[in-house]
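Residue-level listing of the chains:
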Amino acid sequence: MIKDLGFETRCVHGAYKAESGQPQVLPIVQNTTYRYYNAKDVAELFDLDSPNHMYTRLGSPTVDKFEQKMALLEGGTAGMAASAGQAATLITILNICSAGDHVISATNIYGGTHNLFEVSLKRLGIDVELIDQDLPLEEIVKHARPNTKALFGETLGNPALSVLDIEKFARAAGEMGVPLIVDNTLASPALCRPIEYGANIVVQSTTKYADGHGSCVGGCVVEGGNFNWEAGGRFPELTEPDQSYHGIRFYEKFGDGAFCMRLKAVMVRDFGCTMAPMNAYLTHQGLQTLHLRMERHSSNALALAKHLKDHPMVDWIVYPGLEGDRYHELAKKYLPKGASGVLSFGVKGGREAGEKFLENLDLTSIVVHVGDIRTSVLHPASTTHRQLSEEDQLAAGITPSLIRVSVGLETIDDIIADFDQALERLK
Ligand SMILES: *Cc1c(COP(=O)(O)O)cnc(C)c1O
């Protein structure tokens, strides 16, 4: 069984195996629909009694394989792809929440998720409460209400670079009787598999490290198969009859794959946030080298972090892989193979110096992206967060001089030399 093989083998061989004379590489099945010869076969599809396909919005062979691979890599029981990481998070919440429900989330989350939670979900009547993820267990549990449906956090917060104490969060979720949902984008399953620490659902933007080459936007949800949706009676979406499928009960019928089956059969059916076959193919291509890339992203980031830490033009640096970092102890526990490729630092001289530094870079690109093979930087104060006042920027953890770096796979000496010459020219 491929499930029992090492992580690296799962990256290379997981989910797709060529039959004799068939393509060695996962083929792209690029079409919208499927032909059948009798009504009974089609009826079975509509009753969710058949593994076959009918229409690409609801699933297709290349996307299936990609989902299976993500599930294998995260150590879950099922996967469901989405058009983007944002869509993956949205449908995960909507799969179990409706107007009037409450979700508790760590504050240190991706900006897009922050907007989704604070603005768009609020407009739908779902109240997301943000809490400090470093609170002790008892304090976290105190935020629970009878209508709480989920606890949410990021393995490695983007851009705060905080490390989530997943076991603490899993215990808190367990005490509240709700699933723990973890966004594993920045760590990727190569560095951390949250389900092994008790998370119930893992979401990620596969746009970042999973793809890794800046080719396509995508997202994926993986379920751990380790949550009892019946206990507590809080999740009627999964345990009560679904009228749009003549009364099937997802948990009863699909067991440890119920969450993803409902994502596909209801969420993606109704909202249409399907991953395209071509994007599944490209992302699957990336996953085949994920283990190797994450190793090098991490070692390059650590080397650059060590170098910048002692640089006279650098004010401060945040990288959880660095000894002395606020989250270093948690990183040693949850990210023992490396703390991924993202770091942030401040240059001396504030916002103006930050902007100038970016312009001085040559090999390194300015892009609104992380997780690419090419080293890239962003100056949030003058770009992603420029609409905010300096006060609001500070509240969001964005200091005027903050530079976020996504360390790529180039020769580390070349990356360091580029940063050195850009810092030198600030003087
Ligand atoms: C980028 C990102 C997302 C959103 O993913 P998209 O694919 O851009 O929609 C969600 N979470 C984290 C941590 C991210 O970095």
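Residues numbered from 1 in each chain as written. Predicted model: local features only at pLDDT ≥ 70, side-chain atom pairs only at ≥ 80, totals over all residues. Heavy atoms only, no water.

As named in an unreviewed UniProt entry, the protein is homocysteine desulfhydrase, taken from Candidatus Allocopromorpha excrementigallinarum. According to its UniProt record, the protein has this under Cofactor (unreviewed entry): "pyridoxal 5'-phosphate". You can read under Sequence similarities (unreviewed entry) in the UniProt record for the protein the words "Belongs to the trans-sulfuration enzymes family." (UniProt positions renumbered as here; feature names shortened; annotations may be inferred.)

Q: In this structure, what is going on with the site of the ligand? I would like to understand it.
A: Neighbouring residues of the ligand: 13 residues in total, closest Gln86, Asp183, Ser205, Thr207 and Lys208. A distance of 2.9 Å separates an oxygen atom of the ligand from a polar backbone atom of Gly85. In this structure, Lys208 approaches the ligand through a side-chain N or O atom, which is 2.7 Å from an oxygen atom. Taking 380 Å² as the accessible area of the ligand by itself, protein coverage stands at 93%. Among the residues forming the shell around the ligand, the class breakdown is three nonpolar, seven polar and three charged. (Near = heavy atom within 4 Å. Polar contact = N/O pair within 3.5 Å; in protein donor to acceptor, adjacent residues only side chain to side chain. Areas by Shrake-Rupley, 256 points an atom, 1.4 Å probe, with all protein chains shown as cover. Nonpolar A, V, L, I, M, F, W, Y, C, P; charged D, E, K, R; others polar.)

Q: I keep staring at the side chain of Arg193 and nothing clicks. Help me out?
A: Within the secondary structure layout, Arg193 lies in the loop between helix H8 (188-191) and strand E6 (201-205). Residue classification places Arg193 among the buried positions, given a relative accessible area of 16%. For Arg193, the side chain forms a polar contact with the main-chain oxygen of Pro189, separated by 2.8 Å. If near-sequence neighbours (up to four positions away) are discounted, Arg193 is found in contact with Phe7, Leu73 and Glu74. (Helix = DSSP H or I, 4+ residues; strand = E, 2+ residues; numbered from the N terminus. Buried < 20%, exposed > 50% of the residue type's maximum accessible area, 1.4 Å probe, protein only. Contact = heavy atoms within 4.5 Å.)

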